[in-house]
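Residue-level listing of the chains:
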Amino acid sequence: MTMMQGMADPDIRMVLQELANGAGVSLAALSRMIGRNDAYLQQFVQRGTPRVLAEGDRRQLAEFFGVPETRLGAAPGGGPMLVPRLSVAASAGPGATVDGEVMLGVEAIDRGLARRLGLRDGAASVIRVRGDSMAPGLVEGDHLVVDQDDMRPTVRGGLYVIRIGDVLMVKRVRAGEAGLIATSDNPAAPPLPDGPIVVIGRVVWQMRMPS
């Protein structure tokens, strides 16, 4: 076995160091967070011991940084897909500004479900519905999984998160002869603002807390 084969993948160690630097947190603090001694991750990054991160440690670190576990050495397809949960609400009512987009945390989506939905790591997000213009299908507080790879509505249409001006909303969108057409499901909803429609992604899954 060569020295390199006996050590942790240098790319993974570099990724961990860059994530820690970007978050402004020390490796010692991260080690304590995952229940290890202060020197644990520093030894992993600088000396390659342990050779690989334990599955539980890797999962905690990936959840903390909001990145897929594959970035920290997990085999592709292993473990749940980690999807960022954003504080911005895709409005089914008056609208929410895109500037309010802040990551609150991550949602873990079963890898099998992610494959069935056609989701790709790094190209999905979870946002919350606000308002009632898409009722009864979507109601206040629903959480939507958005596929940001799907930005081309067909003539049949579907549910999409869109932006008009600086307002983000979820609407039913289809392709028309003169361009995209967006509508609300609730006939009592106010008209949409004027302006070009920018597609953010297609809604592929709906999560609702039990009443």
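Definitions and limits used
- Residues numbered from 1 in each chain as written.
- Predicted model: local features only at pLDDT ≥ 70, side-chain atom pairs only at ≥ 80, totals over all residues.
- Heavy atoms only, no water.
- Helix = DSSP H or I, 4+ residues; strand = E, 2+ residues; numbered from the N terminus.
- Buried < 20%, exposed > 50% of the residue type's maximum accessible area, 1.4 Å probe, protein only.
- Contact = heavy atoms within 4.5 Å.
- Areas by Shrake-Rupley, 256 points an atom, 1.4 Å probe, with all protein chains shown as cover.
- Salt bridge = Lys/Arg side-chain N within 4 Å of Asp/Glu carboxyl O.
- Phe/Tyr/Trp six-rings, centres within 6.5 Å; stacked < 30°, edge-to-face > 60°.
- Lys NZ or Arg CZ within 6 Å of the ring centre and 35° of its normal.
- Pairing = 2+ DSSP bridges.

Draft legend 1. View of the overall build of the chain. Of the regular secondary structure elements, the chain holds five helices and nine strands. Element order for the chain, N to C, with α for helix and β for strand: α-α-α-α-β-β-β-α-β-β-β-β-β-β. Sorting the 211 residues of the chain into buried and exposed places 39% on the buried side. Contacts spanning at least 24 positions in sequence make up 58% of the contacts within the chain whose residues lie at least 6 apart. As displayed, the chain has an accessible area near 11,400 Å², and 53% of this comes from carbon and sulfur atoms.

Draft legend 2. Inspection of the pattern of salt bridges at higher detail. Applying the stated criterion across every chain, the model contains 10 salt bridges. A salt bridge links Arg 58 to Glu 69; the nearest nitrogen and oxygen atoms lie 3.1 Å apart. Note that Arg 58 is positioned in helix α4 (residues 55-65) and Glu 69 in the loop between α4 and β1 (81-91), a separation of 11 residues in sequence. Relative accessible area serves as the criterion here: at 14%, Arg 58 is assigned to the buried category. Classification of Glu 69 as buried rests on a relative accessible area of 2%. Ionic contacts of the salt-bridge type, sharing partners, join the residues Arg 58, Arg 59 and Glu 69 into one network.

Draft legend 3. Summary view of unusual backbone geometry. The omega torsion of the bond from Thr 49 to Pro 50 falls at 5°, within 30 degrees of zero and hence cis. Secondary-structure assignment places Pro 50 in the loop between α3 (40-47) and α4. With an omega dihedral of 5°, the bond running from Ala 135 to Pro 136 counts as a cis peptide bond. Following the sequence through the fold, Pro 136 ends up in the loop between β4 (124-130) and β5 (143-147).

Draft legend 4. A look at the packing of aromatic side chains. Applying the stated criterion across every chain, the model contains one aromatic pair. Centroid distance Phe 64 to Phe 65: 5.0 Å. Interplanar angle 80°. Geometry classified as edge-to-face. Residue Phe 64 is classed as partly exposed on the basis of its relative accessible area, which comes to 40%. Taking the relative accessible area as the measure of exposure, Phe 65 reaches 11% and is therefore buried. Over the ring of Tyr 40 we find Arg 36; its NZ or CZ atom is 4.5 Å from the centre of that ring.

Draft legend 5. Structural view of the pairing of strand β8 (residues 179-183). Sheet topology note: the strand β7 (residues 167-176)/β8 ladder contains five bridges and is antiparallel. The residue bridging Arg 174 from the neighbouring strand is Ile 181, located in β8. Turn length for the β7-β8 hairpin, with the two strands adjacent in sequence and antiparallel, is two residues.

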